[in-house]
Amino acid sequence: MVKAGKLRSGTAQKLKRWKKGHSSESNPETSRYRQAARSRFFSRPSARSDLTVDALKLHNDLQSGPLEHKETKDNAPFEVDEPALTERTSATFLSGLSDCSNLTFSKVQRFWESNSAAHKEICAVLAAVTEVIRSQGGKETETEYFAALMTTLEAVESSESVGAVAYLLNLVLKRVPSPVLSLKFSDTSKVFMNIMSSQASSESPSALRWILSCLANLIRKQDASVWSYPSTLQVYHGLLSFTVHSKPKVRKAAQHGVCSILRGSDFMFGDSAPSHHPAAQSTARFCIKEMEQAGGNKEDTTVLHILGLLKELLPCFPHGAVKSCCETLLRVMTLSHVLVTAGAMQAFHKLFSAKPNSSSLPAELNAQIITALYDYLPSENDLQPLLAWLAVMEKAHTHLSSLQISLCLGHLPRLFTAAMTCFLSPHVQVVSTAAQTLKTLLKECVAPCLAEIGSITSTAPCGNASYICKLFRLVEEGLTYRYYSSWPFVMQVLSCFYQVAGKEAHPIMVKSLQSLCDLRLTPRFPFSGELDQTVGSAVESMGPEIILRAIPLQIDGNEDDLEFPRSWLIPVIRDRVKNTELGFFTTYLLPLATTLKNKADELSQAGRNLESKVYMTLHLQIWSMLPGFCMQPTDLATSFKGIARVLGMVISDRSDLRLTVCHAIRTLINKSIRKAEDHAEVARFAKNFLPILFNVYTQQPSAADSAALRMPVLDTIKVYLTITDQEMVCTFLQKATEKLCSQESSGFTRLAVMDLIMAMAPCVDESTMTTTFELVKPYLASKESGLQKKAYRILEEMCGGEREPCHQFVLTNLEELKRTLLGSLKSASSPAKRPRLKCLIHIVKHLSPQHTEFITAVLPEVMICTNEVAIGARRNAYTLLVEIGRAFIRFCGSQKEAILQYLELIYAGFTGSVTMISCTVLALTRLVYEFKDSLERSVIEPLLRNVCLLLSSRTREVVKTALSFVKVLLFVMDVKVLATHMPLLMEGIGNIKEDVRRHFRTKLKNIFTKLIRKFGFELVKNMLPEEYHKVLVNIRKVEARNKQRKTLKHDADSESENEEDTSKPKGDSIEDILADSEDEDEEEKKGRGGKKQPGQKGKAWLKEGEGDEPLNFLDPMVSQRVLATNPDVKKNTKVRHDFKLTSDGRLIIREEADDDEKSKGAKEEMEDILEEAGVKSKNQKRKFREGNLDEDMEMEPQFQYKAGGSGIHRPLSRKGDSGGQYKAKSGKGDIKKKGQHDPYAYIPLKKAQLNRRKKAKLQGQFKGLVRGAQKGARTGRKMQRKRKNV
């Protein structure tokens, strides 16, 4: 719809539109584009026509007879003055393209709209070939297209036509059957070779590029036997020669074709596939020859082209070829050409990353390459080449470890030495990469062999153990002061070493642990967090016993001061200990904790409370280690008995340690019992622990103890009952019931005992459950809401248990349960509603068709509970409604009939009170949402009619539930079905009373918004009374504003993305590492306004000697003086970001709940629907947080009156005026108050006072203050004179 109102000039014609849905009834009146096209159709073209004699003759040849090419000598172009008449007047020149049935050319069919001449040529050729095949009765198979395109390829002469035919031929060759290509290999390859020779010097690379791809596809389909013929190798070498072509597209096509032949030939995937392609050896010789011929000429790019090819082909070569190529690569790297070295590194990286088998790269050759690469180790100041070298060496050693682990371990010390040298580099990226390389080597090369090596000591003889000792010594050397700036990365490597080899090699790691401890005690040590992580890794792998033996706590209770320098070990051990010996805690830490407790008691008795608290804190910290020791201990079966008695005493007597011990017991049972003997050992002490836990839970907590300490005890009881013998649980349950019935038990004790019965009830047999049910039955009608709720909770646990005795109990006592629950209906208190409804849920799941009367009797209670205050009761009521519906489906078999019967029972609620009517609507809302797929139109229509009648009610509660039903109905119902009910729905909404409508304006606005989105503004507006139109117009404005805001934001985001640097981010791949290592110098020159010179590509720098020392060119390490990075350029290390900073330099990062506003809005709408349907409880905090203030929140009414004036009209929320406390109660002026500042006009210091633009205003403010002071002074003098005169 067009917005009415005043329009700008020139927009009148744009309003000429046909109505919605009527655009196809007639053609538009204006036809200026068709008239213009018709006027140009028969005119002489002004530009050069593509219709040549060759094209016309090709068309005639294809249309006449067999697919044969007839040569002609007449090449003179001509033009057509009259339109050509054909037999098929309904077809066009692209008919063969538009209705081509072969899916191979589906990619081409999108070209017909392109303006490219090449694309038009492709479309024309495909259309012509398709017409020829159809005229001869062909089925448009790939073979037919192959034959027709080959004939066409021999007929055309222009480069554009050859390129178009070759493109189509390249598509179809991939689908032509292999026997056809094998049969026509000789003729087809000859045609391709001729075209390649004729197009080799062509300016346009298109034809040659596609011909090369066709030839590669043809060769790839041939059998292995074809490669024994010299002609095949000749054709292949013709393709191979173009891999060093000067044109990039041609070179890329040739290289891709060679790679596809060597790696993807069909016979390479058969059962009898050879280990290497027959042409791999000759390809390697070609690459070596080309690199040697290029020599040291830096201007020749042939070496770079060959390196790009070898990068993909090296893993495919046999052993001899790989060795020769690697030797050649190492020779060309001596040229110190930056790009050549980078290309060679890429080739080596690809070789090792591909993980070729031993037939291509045996372990000996791998080791030889590793040794040779040390001669090309870059300087630690040369950033990019050093990163590439580390990446290559990492892959080389990882592959060597997969071939021969012992040989790899022998080469690792030299690499670790070189990597530790990198820790001295000024570049953080080099240090980080070196650390990551060492960690990867430890995990990939060292970890797999530790199980075979066994224990490693410093006196290990020569072998793998000695190599690991050398590796650790090299890493340990990183803790010396020369590596100070890299200590965080050294600690990361040490942490990884501890995790990998700590269990076997801990004897050689003691010294490093002591060094770390000494560093931790250094004043103002800046890397405490990293050091704690490193020691934590050692604790996790070696165990706390070895750590504390190497680094004793030095705490024995007899300290002269309270420094405790190694107390930092306690939280480290607490957080990382697991899978260790529980006996160590019993033998070492437990006596130490006892000693500290005794020391704290002695100091407390002596009046030294501060020292006593310090020792008590250490005592509690040592006990906090216990849950970690209980996490999968290795000696549980033998050590638990030594600590069980102590744990029982602590639970009973020490309330400050009770939570820790209970946590430890739960951890022990839930996460540590894996063996039968462990289970038996812990279960054996149930007779000791459970009575203690029972007594602790039933004791009323003192005023000092918090009631929250009892819940962990109850959780521990429930966990321990899962492994306790059933007979023992029955015994405990019998004693609990006796205590419950005892007259001496207080009210608190009874509630606590009922909690214990609730925990034990699901763990006993069926007969005991029945006895327990008879015991708690009187409490179901108790007038004490607490006891009644506990009784229902016991019944809930027995009915909902997952064990088989629980199911048998429900089935056996089903009738008694029904009678009991029906009998206690009237006496059920509000707090007991939630567990009572939960019991009904479990019972309904076991009902059969003969129990329909029970459901009918219970249903009114369930419906009333949908309006309960407690969230849990409402949730269970909705769940029970759904469960009853499923029970009806189970009874009837037919889902639609069952839902219909169920709804008839629900409809009876409409005849009740106002509360019952609103609850009925809530129940119907939940059922409509749950069973929306089973509701037919005949069910929805009367339901909607009844709800729409309720909308005219004067009771807000009823209208509120009816609107919730409408909102859910809009969500679940299909738009087409909903459209048929729109008049009824709009009539019901229009009948809402004015005061009710005003109260629920937010909910109505939400409904109108959804209706407008579904059916449009005009339809909704026409169906509603006039008093709603203002709201609808506002909704339309808001929707348009939101849509415009989203569009502007999307455009702004797109612009910001375009403004960013479009270069690829540097990743971890070798190509990213080696990508143009001279970029730093280029950016420096571009920043100075200079342009990149042609001779800068591949530029290198020579690093001079230190100080006055001359550069020795005979030095074997002189290659490290050749740098790919300009050493004089200082790299900008400042990181650019869009985050704000605090005053101390920290980043302020605000996390958004959801970046995508559209998905966020959909999520909010879905949550709203779930809340209305009763699936999800209404979250008041979410509504306050999001600003969706709805009338459902029972808020105070918002009055339009605003307070002002004095007396009863004074604003209560207004803050007191500044200085108001100095005003005199009678008379004018201020007064002085004792103990307060003098009542001067203090001027606050504001940031705005520094603004120059506000200078005049501030000056006027000061003038006013001075003027007021002078006026007051004059008044004061006059008053003094009057007093003197008097």
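Residues numbered from 1 in each chain as written. Predicted model: local features only at pLDDT ≥ 70, side-chain atom pairs only at ≥ 80, totals over all residues. Heavy atoms only, no water.

Caption draft 1: Focus on the overall build of the protein chain. Helices and strands together make up the secondary structure of the protein chain, namely 58 helices and four strands. By residue count, 44% of the 1286 residues in the protein chain fall in the buried class. The contacts in the protein chain between residues at least 6 apart in sequence include a share of 69% that link residues at least 24 apart. Total accessible area computed for the protein chain in this model is approximately 72100 Å², and 51% of it derives from carbon and sulfur atoms. (Helix = DSSP H or I, 4+ residues; strand = E, 2+ residues; numbered from the N terminus. Buried < 20%, exposed > 50% of the residue type's maximum accessible area, 1.4 Å probe, protein only. Contact = heavy atoms within 4.5 Å. Areas by Shrake-Rupley, 256 points an atom, 1.4 Å probe, with all protein chains shown as cover.)

Caption draft 2: Seen up close, unusual backbone geometry. Phi angles above zero are rare outside glycine, and Lys 355 is one such case at about 50°. Structurally, the position occupied by Lys 355 is in the loop between α15 (338-353) and α16 (363-373). For Lys 355, a relative accessible area of 58% puts it in the exposed group. Despite not being glycine, Gln 632 shows a phi value in the positive range, around 50°. Along the polypeptide, Gln 632 turns up in the loop between α29 (626-629) and α30 (636-653). The exposure class of Gln 632 is partly exposed, given its relative accessible area of 36%.

Caption draft 3: Just the packing of helix α13 (residues 302-313) against α15, in detail. Interhelical geometry of α13 versus α15 gives an angle of 10° and a closest axis separation of 8 Å. It follows from the interaxial angle that α13 and α15 lie roughly parallel. Along its contact with α13, which presents Val 303, Leu 304, Leu 307, Lys 311 and Glu 312, the element α15 presents Leu 339, Val 340, Gly 343, Ala 344, Gln 346, Ala 347 and Lys 350. Of the residues that constitute the contact of α13 with α15, the class distribution is seven nonpolar, two polar and three charged. (Axes fitted to C-alpha atoms, helices over the stretch in contact; angles between N-to-C directions. Parallel < 35°, antiparallel > 145°, perpendicular 65-115°, else oblique. Nonpolar A, V, L, I, M, F, W, Y, C, P; charged D, E, K, R; others polar.)

Caption draft 4: Region of the structure containing the pattern of salt bridges. Within this structure, the stated rule accounts for 29 salt bridges. A salt bridge links Glu 131 to Arg 134; its shortest N-O distance comes to 3.9 Å. In this pair, Glu 131 and Arg 134 are both assigned in helix α4 (residues 117-135), three residues apart and thus about one turn of the helix distant. The partner of Glu 941 in a salt bridge is Arg 945, with the nearest N and O atoms 3.4 Å apart. Placement of the pair is Glu 941 and Arg 945 together in helix α46 (residues 937-950), with a separation of four residues, close to one helical turn. Among the residues examined, Glu 941 registers a relative accessible area of 31% and is labelled partly exposed. One continuous salt-bridge network, built from bridges that share partners, spans Glu 774, Lys 777, Glu 816 and Arg 819. (Salt bridge = Lys/Arg side-chain N within 4 Å of Asp/Glu carboxyl O.)

Caption draft 5: Quick peek at the nonpolar core. Counting residues in hydrophobic clusters, the biggest one holds 345 residues, and the most contacted among them are Phe 317, Phe 423, Phe 640, Tyr 720 and Ile 989. Of the residues forming this core, the biggest block, 12 residues, is contributed by helix α22 (residues 487-505). Setting aside residues no more than four positions away along its own chain, Ile 989 makes contact with Leu 951, Leu 1004, Ile 1007, Phe 1008, Leu 1024 and Tyr 1028. (Core = buried A, V, L, I, M, F, W, Y, C linked by side-chain atoms within 4.5 Å.)

Caption draft 6: Structural view of the confidence of the model for the protein chain. Averaged over all residues, the pLDDT of the protein chain is 80; the fraction at 70 or higher stands at 75%. Counted against residues more than four places away or in other chains, residues 1180-1201, with its pLDDT under 50, gives 27 contacts. (pLDDT = per-residue confidence, 0-100.)

Caption draft 7: How the structure looks around the packing of aromatic side chains. A full pass over the atoms with the stated rule returns 26 aromatic pairs. In textbook terms, an aromatic cluster arises when at least three aromatic residues are bridged by ring pairs, as seen for Tyr 481, Tyr 484, Trp 487, Phe 525 and Phe 527. The lysine or arginine in question, Arg 414, covers the ring of Tyr 374, its NZ or CZ lying 3.9 Å from the ring centre. Sitting above the plane of the Tyr 929 ring, Lys 932 keeps its charged end 4.6 Å from the centroid. (Phe/Tyr/Trp six-rings, centres within 6.5 Å; stacked < 30°, edge-to-face > 60°. Lys NZ or Arg CZ within 6 Å of the ring centre and 35° of its normal.)

Caption draft 8: Representation of helix α11 (residues 248-264). In this model α11 runs 23 Å from its N-terminal to its C-terminal C-alpha over 17 residues, within 8% of the 24 Å that 1.5 Å per residue would give. Most of α11 is tucked away: 12 of the 17 residues are buried. When we look at burial in α11, the residues that qualify are Val 250, Arg 251, Ala 253, Ala 254, Gln 255, Gly 257, Val 258, Cys 259, Ser 260, Ile 261, Leu 262 and Gly 264. Buried-residue contacts for α11 involve α9 (206-220), α10 (230-241), α12 (280-294) and α13. (Expected span 1.5 Å × (residues − 1).)

Caption draft 9: Up close: the state of the cysteines. On inspection of all chains with the given rule, the structure shows zero disulfides. Not part of a disulfide, Cys 259 finds its nearest cysteine sulfur in Cys 316, a span of 7.4 Å. (Disulfide = S-S within 2.5 Å.)

Caption draft 10: Focus on a positive patch on the surface. A surface patch of positive charge is lined by Lys 1271, Arg 1274, Arg 1277, Lys 1278, Arg 1281, Lys 1282 and Lys 1284. Counting through the fold element by element, Arg 1277 comes out in helix α58 (residues 1255-1285). (Patch = residues over 30% accessible without salt bridge, like charges linked within 9 Å, V, L, I, M, F, W, Y side chains within 5 Å. Lys, Arg positive; Asp, Glu negative; His and termini not counted. Charge placed at Lys NZ, Arg CZ, Asp CG, Glu CD.)

Caption draft 11: Up close: the environment of Cys 316. Examined against the element boundaries, Cys 316 turns out to sit in the loop between α13 and α14 (319-333). Along the backbone, Cys 316 and His 277 are 39 residues apart, and their C-alpha atoms lie at a distance of 7.7 Å. Look past the residues within four positions of Cys 316 in its chain and what remains in contact with it is Arg 263, His 276 and Ala 280.

Caption draft 12: Representation of α9. Across its 15 residues, α9 extends 21 Å between first and last C-alpha, which sits within 8% of the 21 Å expected from 1.5 Å per residue. Burial runs high along α9: 13 of the 15 residues are buried.

Caption draft 13: Quick look at the environment of Leu 787. Relative to the assigned elements, Leu 787 resides in helix α38 (residues 785-800). A C-alpha to C-alpha distance of 6.5 Å links Leu 787 and Leu 751, two positions 36 residues apart in sequence. When near neighbours in sequence (up to four residues on either side) are disregarded, Leu 787 contacts Arg 750, Leu 751, Met 754, Tyr 779 and Ser 782.

Caption draft 14: Highlighting the packing of helix α44 (residues 895-907) against helix α45 (residues 914-930). At their nearest, the axes of α44 and α45 sit 10 Å apart, and the two run at 160° to each other. Here α44 lies roughly antiparallel to α45, going by the angle between them. At the point where α44 passes α45, the crossing takes the left-handed sense. Contacts between α44 and α45 involve Tyr 902, Leu 903, Ile 906 and Tyr 907 from the former and Thr 920, Leu 924 and Leu 927 from the latter. (Left-handed = near helix turned anticlockwise from the far one by under 90°.)

Caption draft 15: Structural detail: the side chain of Thr 283. Mapping Thr 283 onto the fold places it in helix α12. Classification of Thr 283 by relative accessible area gives buried; the value is 0%. From its side chain, Thr 283 meets the backbone oxygen of Ala 279 in a polar contact 2.6 Å long. In this view, Thr 283 contacts Tyr 236, Leu 240, Val 258, Leu 262, Leu 313 and Phe 317; residues no more than four positions away in its chain are not counted. (Polar contact = N/O pair within 3.5 Å; in protein donor to acceptor, adjacent residues only side chain to side chain.)

Caption draft 16: Inspection of the side chain of Thr 440 at higher detail. Relative to the elements of secondary structure, Thr 440 occurs in helix α19 (residues 428-446). By relative accessible area, which is 17% here, Thr 440 ends up buried. Polar side-chain contacts of Thr 440 include one of 2.9 Å to the backbone oxygen of Gln 436. Sequence-distant contacts of Thr 440, defined by excluding residues within four places in its chain, comprise Glu 394 and Cys 445.

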